[in-house]
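Inside the fold
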Amino acid sequence: MLRSVVLALCAVGPLAAATSTIRADGVMLVEGRPHFPLGVYYNARYRADSQVAGDMQMIKAAGYNAIEASQIMAWSAPDAALAAAHANGLRAYLEVPFQSASTPAWVAARRTAPAVVAWNVADDSHRRFTIEQMASMAATARQAAPGQVLYQTVYDGSVMGPYLQYTDMTWGYRYPVYASSEGSDLAAVDVLVMKPLEDSGRPFMAVPQAYRWTDNSANRVPTPREYRGMAWQTLIAGAKGLIPYSLTDGGWLPTTEPALWGAMRTLNNEVQPLCWILGDGQRTRLATGSLVAGHWTRYGSM
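Procedures and definitions
Residues numbered from 1 in each chain as written. Predicted model: local features only at pLDDT ≥ 70, side-chain atom pairs only at ≥ 80, totals over all residues. Heavy atoms only, no water. Buried < 20%, exposed > 50% of the residue type's maximum accessible area, 1.4 Å probe, protein only. Helix = DSSP H or I, 4+ residues; strand = E, 2+ residues; numbered from the N terminus. Arc of directions from axis to C-beta. Contact = heavy atoms within 4.5 Å. 1 Å grid on protein atoms, 1.4 Å probe; cavity = no way out; pocket = protein on both sides within 12 Å on 5 of 7 lines; lining within 4 Å. Points joined across faces, edges and corners; volume = space filled by probe spheres on them. Nonpolar A, V, L, I, M, F, W, Y, C, P; charged D, E, K, R; others polar. Expected span 1.5 Å × (residues − 1). Bend = angle between axes of the 7 residues up to and from the residue. Axes fitted to C-alpha atoms, helices over the stretch in contact; angles between N-to-C directions. Parallel < 35°, antiparallel > 145°, perpendicular 65-115°, else oblique. Left-handed = near helix turned anticlockwise from the far one by under 90°. Phe/Tyr/Trp six-rings, centres within 6.5 Å; stacked < 30°, edge-to-face > 60°. Lys NZ or Arg CZ within 6 Å of the ring centre and 35° of its normal.

Thoughts on helix H3 (residues 78-87)
Within H3 the residues assigned to the buried category are Pro-78, Ala-81, Leu-82, Ala-84 and Ala-85. Buried residues of H3, seen end-on, are gathered within an arc of 155° and therefore sit on one face of the element. Next to the buried residues of H3 lie helix H2 (49-61), strand E5 (66-69), strand E6 (91-95), helix H4 (103-110) and strand E7 (116-122). Count one or two residues on from H3 and you reach Gly-89, which has phi positive near 70°.

Structure follows, in structure tokens:
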């Protein structure tokens, strides 16, 4: 029984054109079955077309079951890339290209692609758009992609609240690692984003930092311990999926940052056997002061 539940939540495999919804407890359902995304941001603009199919194979081999197809409207061969994702059992989360006059047609043409399950209506919604713009964009996306989940990304818990109602799910992020000593800034992930999302009562996923800020040459990527710490902070807060940023922005991560890439794969191996309870169990945040801690129960067992 346990094995079958794990496969339902985390595994990759043959896919078909999908409907998606969010269950009352925040779990994403794809074709009516629980889906706990272990994904990664991927932007084919930084890769040759000839590399994409191999990239999808590598993503699958690393333990991922999804991609966020970042800026897909600018890819030279988006449909071939989605076909490669599908061939490797990867679900695809796409951005709605609102800068194009043909947005509804573009979305409608791809919502039936077998890999596609959800649509990003707005990156950094609370920073880039008014409430009125957000409502209009969500309505357009809802009409073009009926039966599929809409989401937005946010990073500031103090102002995001009025925006959350316009999408089915929110992806929260905070990239706290710059050039400071290991672990010194990680509290911002929980305090500034994850705890406010948890308190909102609305479903959310998390985007851990797998990226080097480019505004200072002294900046660095997270260490393996920092990456694991960020990811578990978000899960303890109630995130129903992990999709780190980014495999491609700033260089091909497995080559430029092998230690971080190794940590990401290790975390996938750690989380995969737990998807059944992380996505479908009863979570409790523990009162431990500044330490972020929690536990999950299912069928009465921890």
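Thoughts on the layout of surface pockets
Roughly 760 Å³ of internal volume is contained in the largest pocket. Among the elements of the structure, E7 and helix H5 (125-128) are those that each provide at least two residues to the lining of the largest pocket. Broken down by element, the lining of the largest pocket gets its largest block of residues, three residues, from E7. Looking at the lining of the largest pocket residue by residue, the classes come out as 19 nonpolar, five polar and eight charged.

Observations regarding helix H7 (residues 187-200)
Turn by turn, an α-helix covers 3.6 residues, leaving residues three or four places apart pointing in a common direction. Under the 1.5 Å per step criterion, the end-to-end length of H7 is 19 Å for 14 residues, consistent within 8% with the ideal 20 Å. Helix geometry: H7 is bent most strongly at Met-194, by close to 40°, with proline Pro-196 lying one to four residues after it. Those residues of H7 lying buried are Val-189, Asp-190, Val-193, Met-194, Pro-196, Leu-197 and Glu-198. Those residues of H7 that are buried lie in contact with strand E8 (149-154), strand E9 (169-173), strand E10 (204-207), helix H8 (224-237) and strand E11 (282-285). Looking one or two residues past H7, Gly-201 carries a phi angle of roughly 75°, positive in sign.

Re the packing of H7 against H8
At a minimum axis separation of 9 Å, H7 and H8 run at an interaxial angle of 20°. Classified by the angle their axes make, H7 and H8 are roughly parallel. When the axes of H7 and H8 are compared, the crossing they make is right-handed. Each of Ala-187, Val-189, Asp-190, Met-194 and Glu-198 in H7 lies in contact with H8, whose residues at this interface are Met-230, Gln-233, Thr-234 and Ala-237. Tallied by class, the residues present in the contact of H7 with H8 amount to five nonpolar, two polar and two charged.

Some points on unusual backbone geometry
Residues Tyr-245 and Ser-246 are joined by a peptide bond in cis, for which omega reads 10°. Its place among the elements puts Ser-246 in the loop between H8 and helix H9 (253-256). Although it is not a glycine, Gln-71 sits at a positive phi angle of roughly 55°. Here Gln-71 lies in the loop between E5 and H3.

Digging into the side chain of Thr-170
Secondary-structure assignment places Thr-170 in strand E9. With residues near it in sequence (within four places) discarded, Thr-170 still touches Gln-152, Val-154, Leu-164, Leu-197, Pro-203, Phe-204 and Met-205.

Here's the deal with the packing of aromatic side chains
Taken as a whole and assessed by the stated rule, the structure comprises 17 aromatic pairs. Arranged with centres 6.0 Å apart and planes meeting at 75°, the rings of Tyr-93 and Tyr-151 form a pair that is edge-to-face. Taken together, the positions of Tyr-93 in strand E6 and Tyr-151 in strand E8 put the pair 58 residues apart, joining distant regions of the chain. Pairing Tyr-211 with Trp-213 gives two aromatic rings, centres 5.8 Å apart and planes at 75°, and the pair type is edge-to-face. Taking the relative accessible area as the measure of exposure, Tyr-211 reaches 15% and is therefore buried. Each member of the aromatic cluster is reached from another via a ring pair, and the members are Tyr-41, Tyr-93, Tyr-151, Tyr-155, Trp-171, Tyr-173, Tyr-175, Tyr-178, Tyr-211, Trp-213 and Tyr-245. The cationic tip of Arg-45 hangs over the ring face of Tyr-46; the distance from NZ or CZ to the ring centre is 5.9 Å.

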